[in-house]
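Secondary and tertiary structure notes
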Amino acid sequence: MPAILMKQISKAFDRLKALDHVDFEVDAGEVHCLLGENGAGKSTLMNILYGLYHADAGEIYIHGKAVHIANPKIAQQYHIGMVHQHFMLIESMTVLQNIILGNEAGRFAIDYAENRSRIDELERLYHFDFDLDKPISVLSVGEKQRVEIFKALYRGADIVILDEPTAVLTPQEVDVLFRILDDMRKQGKTIIFITHKLHETMVLSDRVTVLRNGKIIGSLRTEEVTPKILATMMVGYAIDFDIVKSTFKPGKPVLELRQLKVLAASHATISLQVRQGEIYGIAGVDGNGQQELEGILAGTAKPLSGRIIFNGEDITAMPAAKRKAKGIALIPSDRLQNAILPGMPIIDNYLLGFQHNSMFSHFGILRFNVLKKHADNMVNQYSIKISALEQPISQLSGGNQQKIVFSREAGLNPLLLVAVQPVRGLDIGAIDAIHRQLLQLRDRGKAILLISTELSEIMEMSDTIGVLYKGELIAQRKAGEVTIEQLGLFMAGERPE
Ligand SMILES: Nc1ncnc2c1ncn2[C@@H]1O[C@H](COP(=O)(O)OP(=O)(O)OP(=O)(O)O)[C@@H](O)[C@H]1O
Ligand SMILES: [Mg+2]
């Protein structure tokens, strides 16, 4: 008897069929990967299982028993837990308070000692090591996610849903997560894991189910598939993963960083040059100054010292809006915080940052038709799945939100594009599309600074590679003159001779 059986589930949002007669089955004790393109319906299906959304039709059985999951509280009673794509912790409260929130031990007042001892026990079982009194706000992304997982376990979850848990993690944190999942598997937990990374599916799962356009394409044992087979199931055609790059013909320097100091704790600096027609890739383990550099390039933070030169002009003190007007586009690493207005329509999000662009504004009056035409163009060109431009952007799947940001920033002919983790959360088809777009921009003579913690992306895309370590550019190499292994060593702080 399966742990979960979802039968003929359908769900529509207005005219959009998000799920169409979906059958989904998960065995007890297995790790089951749920795959599919951006907008395929993965989160929607899991939100229905967790009681956040309600299906228009279909049935759910938990261990053979027909259930009606009206809300997450009821899902929890059936021992289902969920870790969302976007975390749901209360930042100002401590780890302890977040874990026990809604499930406090103690009949009248909260019995913290009792809660702590239950937490200790679980921590030992799963090899977690929390500082319970720290506020959530000071934790790293990986730590916050571990609190979410722990919280689900603390509430007695036997079936744990993880919605794209690795999208926001560094490779090191992914290792930690996989160790935790292994412990959970040993304890007999059932795990549903959503990911876009096929190699994770291959190492982690017992079985995989692929969704496309709201329909089930198939459920297979992982040993029966290869990444190529999965990719084809996901997108419906065979993806050619080999990107052919044209010869590198750099032009004039566009961006110059001169001894830029980004971390207070170190004397190190960054100096580099990005030319027309060049993709300069900055590799490095997350936390080595990428975030600070991003803010400094965006114009929202000041460097501790050093200069930024753009097209021969010193822009170190230039505010963000003015930089954009000069032709500097930016894809920030955190789209929710820095790149979109979640509650606002898609069309407004296309205007964001470009309110004063002469294309859209004429003597201070918005040229709505031009904006609409541009937004329509972008949505078509980038195959973005939306129902209408008036729809709030927050209703889109994560990947489609990212595509909107990318198309907005790259779509108005910038001279320089700073792209920070541009394919985070995207499906393989979309990654391929974005990578090809980056190369097209390069071939049209644009300068591109790519900041990414994904080594394979850096290797594949860059003409020149710099490695960031503790705020310092400790090595710079031409692509093709450095191996993945050497880059790995630089990233760990080893200096070249
Ligand atoms: N609350 C909502 N209102 C309107 N449409 C929605 C809502 N939630 C989801 N959708 C739509 O349903 C479809 C499926 O979305 P879902 O979030 O399930 O995709 P996904 O497979 O999780 O994609 P991703 O990999 O990008 O996270 C999308 O087209 C999305 O825009
Ligand atoms: Mg999703």
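Residues numbered from 1 in each chain as written. Chains lettered and ligands numbered in written order. Predicted model: local features only at pLDDT ≥ 70, side-chain atom pairs only at ≥ 80, totals over all residues.

Here we look at the sheet that holds strand E4 (residues 57–62)
For clarity, the threshold we go by: Strands are labelled as partners when DSSP assigns at least two bridges between them. Under the DSSP-based scheme used, a helix requires at least four consecutive residues in state H or I and a strand at least two consecutive residues in state E, with every element numbered from the N terminus. For helices, the fitted axis covers only the stretch in contact; all axes are lines through C-alpha atoms, and the angles between them, taken along N-to-C directions, range from 0 to 180 degrees. Residue pairs are scored as contacts if the distance between their C-beta atoms, which are placed from the backbone, is within 7 Å.
Pairing is antiparallel in the open sheet, where 4 strands are placed in the order E2-E1-E4-E5. Pairing within the sheet leaves two strands with one partner each, and these edge strands are strand E2 (16–26) and strand E5 (65–67). Strand-to-strand twist of the sheet, defined as the mean angle between neighbouring strand axes without regard to direction, takes the value 30°. Sitting on the sheet, helix H1 (residues 42–49) is in contact with strand E1 (4–13), E2 and E4, with an inclination near 115° to E1.

Describing helix H8 (residues 227–235)
Rules: Buried residues are those with 20 or more other C-beta atoms within 10 Å of their own C-beta, exposed residues have 12 or fewer, and partly exposed residues lie in between; C-beta atoms are placed from the backbone. As used here, the arc is the angular range of directions from the helix axis to the C-beta atoms.
Of all the residues in H8, the buried ones are Leu 230, Ala 231 and Met 234. End-on, the buried residues of H8 take up no more than an arc of 100°, which puts them together on one face. Packing partners of the buried residues in H8 comprise strand E3 (31–36), helix H7 (198–204), strand E9 (207–212) and helix H15 (428–443). Following H8 by one or two positions, Gly 236 has its phi on the positive side, about 90°.

Some words on the pairing of strand E10 (residues 215–221)
Pairing geometry for E9 and E10, over 6 bridges, is antiparallel. Note on E10: the bridge partner recorded for Arg 207 is Arg 221. Counted between consecutive antiparallel strands, the loop separating E9 from E10 contains 2 residues, among which Asn 213 sits at a positive phi close to 55°.

Structural notes on the sheet that holds strand E7 (residues 159–163)
A sheet is described by the order of its strands in space; here 6 strands give the open sequence E6-E7-E8-E3-E9-E10, paired in mixed fashion. With partners counted over all chains shown, the strands left at the sheet margins are strand E6 (80–83) and E10, one partner each. The mean inter-strand angle of the sheet, taken between neighbouring strand axes irrespective of direction, is 15°. Sheet topology places E6 next to E7; 4 bridges connect them, and they run parallel. What sits directly across from Met 82, in E7, is Ile 161. Packed onto the sheet, H1 meets E3, E6, E7, strand E8 (190–194) and E9 and runs at close to 150° relative to E7. Against the sheet, helix H6 (residues 171–186) contacts E3, E7 and E8, and its axis sits at roughly 150° relative to E8.

Notes on unusual backbone geometry
Despite not being glycine, His 21 shows a phi value in the positive range, around 50°. Tracing the backbone through its elements, the reader meets His 21 in strand E2. In this structure His 21 comes out as partly exposed when scored by C-beta crowding, with 14 C-beta atoms within 10 Å. A positive phi angle, close to 55°, is found at Asn 413, a residue other than glycine. Mapped onto the secondary structure, Asn 413 falls in the loop between helix H14 (398–410) and strand E19 (416–420).

Nothing here speaks to function; it is geometry throughout.
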